[in-house]
Amino acid sequence: PRSDCIAAEQLCLSDSTCNATYRILEHCALAKTRFLPLDHDSRVRCLNAELDLGNISLLHCRCHRRMKRQEHCLRIFWTIHSSMTDGYFNLETSPYENPANEEHWKTDYNKLAALLSGKDCSQLAGDATNPCLKATHVCNLSKKCVRLRTDYASICTKGAGSEDVCDRRKCHKGLRNFFEKVPEDFTKRILFCPCQDELCGERRRKTIVPDCSFQYNTKPNCLWLLDSCLEDHICKSRLADFQQNCQPADMSPDGCSQHNHAACLQAYMGMIGTPMTPNYVSNSSVKVSLWCTCESSGNQKEKCDQILGMFESNKCL
């Protein structure tokens, strides 16, 4: 199994040759983050430094979605792979470990769902026709699920819809906490509950409190949204993960090049709580989109359409 990047960095820093090469790459990555132009010699030095690391574990390290110090781990990954973001938004490699290699939590979701179905309460009468309501009620029986869901809901609704502006950054952090720390048995059912009517669809669409986490007063250009994402280690990493696991393939029966629908849904959930947070566009469909437009994109219209199309017309997703 690949080492995580924090452990790999510690090994590298204890070796003088690796340490020196790594420091060069840190300088290169910083220059790129701050959009500082590098002369020809500096670019060659950066490229050589990346090649010099090719035989050590640092180049092949990955991060885990639920690890402590995740941002630190991702910073290390992008320091090593900074040249991969040259020129285009296609981030070919996800910094995250393959979901199949990560530990899966044993949860008591089924036990709680069975407990819920045994209750004879009038307030739960709508569960049969509203799967989103049922998923929420099961979440309420789990201390961790209800605590983290209440946390983000209270942050994201504060100021939303009034003259005050909600704290979008805190709202996004609360959402990421929920989707990272609560087992997927709970989060997937809340976010992807299958609806037959608009009442259920509205509950599903409002899962992430879109007034704060998703919508702005006016739709920004999707290229601006992308730039905001690439400046943030977590968002850039989630986007790379999404592009890798939700890569569409026209000739594939399932529409996915990776043939792993569960990994695609997990990667989609990873985008929630980032500057490129997606959401359902209405109460009556499962179509999703980013909150952005490609109007006034000039000669970058094609690139902008591709960004929007990753969500709006992605066969795999």
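Residues numbered from 1 in each chain as written. Predicted model: local features only at pLDDT ≥ 70, side-chain atom pairs only at ≥ 80, totals over all residues. Heavy atoms only, no water.

- Labelled according to an unreviewed UniProt entry, the protein appears under the name GFRA4 protein, originating from Halcyon senegalensis.
- What the UniProt record of the protein gives under Sequence similarities (unreviewed entry) is the line "Belongs to the GDNFR family."
- UniProt's Subcellular location (unreviewed entry) comment on the protein is quoted here verbatim: "Cell membrane". (UniProt positions renumbered as here; feature names shortened; annotations may be inferred.)

## Notes on the state of the cysteines
Then step 1. Taken as a whole, this structure holds 14 disulfides when the rule is applied.
Then step 2. Across the disulfide, Cys156 is cross-linked to Cys171 (sulfur-sulfur distance 2.0 Å). Disulfide Cys156-Cys171: torsion about the S-S bond near 105°, hence right-handed. Highlighted residues: Cys156 in helix α7 (residues 143-157) and Cys171 in helix α8 (residues 168-181), separated in sequence by 15 residues. Considered together, Cys156 and Cys171 belong to a single accessibility category, that of buried residues. (Disulfide = S-S within 2.5 Å. Helix = DSSP H or I, 4+ residues; strand = E, 2+ residues; numbered from the N terminus. Buried < 20%, exposed > 50% of the residue type's maximum accessible area, 1.4 Å probe, protein only.)

## A look at helix α12 (residues 222-230)
Then step 1. What α12 keeps buried is the set Cys222, Leu223, Leu225, Leu226 and Cys229. In a view along the axis of α12, the buried residues occupy a sector of 155°, so they form one face of it.
Then step 2. Regarding α12, its N-cap is Asn221, as a side-chain oxygen of that residue lies 2.7 Å from the backbone nitrogen of Leu223 further along. (Arc of directions from axis to C-beta. Polar contact = N/O pair within 3.5 Å; in protein donor to acceptor, adjacent residues only side chain to side chain.)

## Observations regarding the nonpolar core
Then step 1. Residues Phe178, Phe242, Met276, Leu290, Ile307 and Phe311 are the most contacted members of the largest nonpolar core, which totals 51 residues.
Then step 2. Dropping the residues within four chain positions of it, Met276 is found in contact with Leu225, Leu226, Cys229, Cys235, Leu239, Met271, Leu290, Ile307 and Phe311.
Then step 3. Listed in part, the 23 residues of the second largest apolar core include Cys61, Met67, Cys73 and Ala240. (Core = buried A, V, L, I, M, F, W, Y, C linked by side-chain atoms within 4.5 Å. Contact = heavy atoms within 4.5 Å.)

## A closer look at the packing of α7 against α8
The axes of two packed helices give the description: the angle between them and the distance between them.
Then step 1. Two numbers describe how α7 lies on α8: the axes approach to 8 Å, and their chain directions differ by 165°. As judged from the angle between their axes, α7 and α8 are roughly antiparallel. Considering the relative orientation of α7 and α8, their crossing is left-handed. For the pair α7 and α8, contact is made by Lys144, Cys145, Leu148, Arg149, Tyr152, Ile155 and Cys156 and by Lys170, Cys171, Gly174, Leu175, Asn177, Phe178 and Lys181, respectively.
Then step 2. Among the residues making up the contact of α7 with α8, the classes are represented as 8 nonpolar, 2 polar and 4 charged. (Axes fitted to C-alpha atoms, helices over the stretch in contact; angles between N-to-C directions. Parallel < 35°, antiparallel > 145°, perpendicular 65-115°, else oblique. Left-handed = near helix turned anticlockwise from the far one by under 90°. Nonpolar A, V, L, I, M, F, W, Y, C, P; charged D, E, K, R; others polar.)

## Focus: empty space enclosed by the protein
Then step 1. One pass over the structure, following the stated rule, counts 1 cavity of 30 Å³ or more.
Then step 2. Its boundaries defined by the atoms lining it, the largest cavity holds a volume of some 50 Å³.
Then step 3. Forming the walls of the largest cavity are Arg168, His172, Ser213, Phe214, Tyr216, Leu225, Pro275, Thr277 and Trp291.
Then step 4. Here the lining of the largest cavity is built from residues that sort into 5 nonpolar, 3 polar and 1 charged. (1 Å grid on protein atoms, 1.4 Å probe; cavity = no way out; pocket = protein on both sides within 12 Å on 5 of 7 lines; lining within 4 Å. Points joined across faces, edges and corners; volume = space filled by probe spheres on them.)

## Overview of the packing of aromatic side chains
Then step 1. Scanning all chains against the criterion turns up 7 aromatic pairs.
Then step 2. Considering the side-chain rings of Phe178 and Phe179, the 5.2 Å spacing of their centres and the 80° angle between planes classify their relative orientation as edge-to-face. Of the two residues examined, Phe178 and Phe179, each falls in the buried class.
Then step 3. On the basis of an interplanar angle of 65° and a centroid distance of 5.6 Å, the ring pair of Phe214 and Trp291 is categorised as edge-to-face. Of this pair, Phe214 sits in the loop between α11 (210-213) and α12 while Trp291 is found in the loop between β2 (288-290) and α15 (301-312), placing the two residues 77 residues apart along the sequence. Accessibility classification places Phe214 together with Trp291 in one group, the buried group.
Then step 4. Through a chain of ring-to-ring contacts, the aromatic side chains of Tyr152, Phe178 and Phe179 assemble into a single cluster.
Then step 5. Directly above the aromatic system of Tyr280 lies the positively charged group of Arg204, at a separation of 4.8 Å from the ring centroid. (Phe/Tyr/Trp six-rings, centres within 6.5 Å; stacked < 30°, edge-to-face > 60°. Lys NZ or Arg CZ within 6 Å of the ring centre and 35° of its normal.)

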